[in-house]
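What follows is each chain in one-letter form.
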Amino acid sequence: SRYQIAVIIGSLRKDSFNRKLANAIVKLAPPEFSFKQVQIGDLPLYNQDDDGNQAESVKRLKDEISAAQGLLFVTPEYNRSIPGVLKNAIDHASRPHGQNVWAGKPAGILGASTGAVGTALVQQHLRNVLAHLDVPTLGQPEAFIQVRDGLFDEVGNIGEGSRHFLQNWMDHYVAWVKKIAA
Ligand code: FNR
């Protein structure tokens, strides 16, 4: 595909709603886009002492981000902020100083939560972090998704009630990546 997108999911839970959302929404993208979920669950806890000797899993993450033309973050909200596993991955791939592989990659942000704020707060925190890392993020439309019955259909596609909304989100994301990606 012309556009490879690295998908970063902020939950390690086997039945994660956010992983389900990521799996479903990529089906709404055109064929010139391909999506690959990057693994973050096997990364060590970030330790600056290891900057000169990054673990294989960290090198893999950085290679996958470097190879991508765009980023898609799909994350739950933990205690009104970024889950530690996601922040850990972001920190790893931003280092050593001067070797931040996130920089310049257009990013979309999505999140689903069981709570009524639908990840609004984590998304704002994530935007701050990504701004510092020189990652341009799609501003509109925003998508704060509350998990309810019918969000997904029987086969895991986006359910009827949210399909139009999320197709519109994807259409804007696709246009945004095409505009920004080198
Ligand atoms: C949560 N949850 C949650 N929900 C929310 O809307 N705002 C929040 O601040 C929090 N905080 C929070 C902290 C922790 C440690 C956990 C485990 C959960 C609930 C959360 O939305 C719910 O567990 C989702 O199912 C998590 O997403 P995944 O794992 O299904 O993708």
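The shown structure was predicted, so the numbers you read here are calculated from the model rather than taken from an experiment.

(A) Focus on the side chain of Asn-18. Topologically, Asn-18 is positioned in helix H1 (residues 17–25). Separated by 2.8 Å, the side chain of Asn-18 and the backbone nitrogen of Ala-112 make a polar contact. Asn-18 has contacts with Ile-9, Val-74, Thr-75, Pro-76, Gly-111 and Ala-112, leaving out every residue within four places of it along the chain.

(B) Structural detail: the pairing of strand E3 (residues 70–74). In terms of burial, E3 is largely enclosed, as five of its five residues are buried. Burial along E3 is two-sided: the residues Gly-70, Leu-72 and Val-74 and Leu-71 and Phe-73 are all buried. Strand direction decides the pairing type here: strand E1 (residues 3–9) and E3, joined by five bridges, are parallel. What sits directly across from Ile-9, in E3, is Val-74. Relative to strand E4 (residues 107–113), E3 is paired through four bridges, and the arrangement is parallel. Pairing of Phe-73 across the sheet is with Ile-109, part of E4. Taking the sense of rotation as the criterion, the β-α-β connection linking E3, helix H3 (residues 84–93) and E4 turns out right-handed.

(C) The arrangement of the packing of helix H2 (residues 56–67) against H3 in detail. Where H2 meets H3, the closest approach of the two axes is 9 Å, and the angle between their N-to-C directions is 80°. Classified by the angle their axes make, H2 and H3 are roughly perpendicular. Of the residues in H3, those touching H2 at Val-58, Leu-61 and Lys-62 are Ala-89, His-92 and Ala-93. Classifying every residue of the contact of H2 with H3 by side-chain character gives four nonpolar, one polar and one charged.

(D) How the structure looks around the side chain of Arg-127. The residue Arg-127 is located in helix H4 (residues 120–132) in this model. Although buried, Arg-127 forms no salt bridge, and the nearest oppositely charged side chain, Glu-142, lies 5.1 Å from it. In this view, Arg-127 contacts Ile-109, Thr-137, Leu-138 and Gly-139; residues no more than four positions away in its chain are not counted.

Analysis parameters
- Residues numbered from 1 in each chain as written.
- Predicted model: local features only at pLDDT ≥ 70, side-chain atom pairs only at ≥ 80, totals over all residues.
- Heavy atoms only, no water.
- Helix = DSSP H or I, 4+ residues; strand = E, 2+ residues; numbered from the N terminus.
- Polar contact = N/O pair within 3.5 Å; in protein donor to acceptor, adjacent residues only side chain to side chain.
- Contact = heavy atoms within 4.5 Å.
- Buried < 20%, exposed > 50% of the residue type's maximum accessible area, 1.4 Å probe, protein only.
- Pairing = 2+ DSSP bridges.
- Right-handed = clockwise from strand over helix to strand, strands pointing away.
- Axes fitted to C-alpha atoms, helices over the stretch in contact; angles between N-to-C directions.
- Parallel < 35°, antiparallel > 145°, perpendicular 65-115°, else oblique.
- Nonpolar A, V, L, I, M, F, W, Y, C, P; charged D, E, K, R; others polar.
- Lys, Arg positive; Asp, Glu negative; His and termini not counted.
- Salt bridge = Lys/Arg side-chain N within 4 Å of Asp/Glu carboxyl O.

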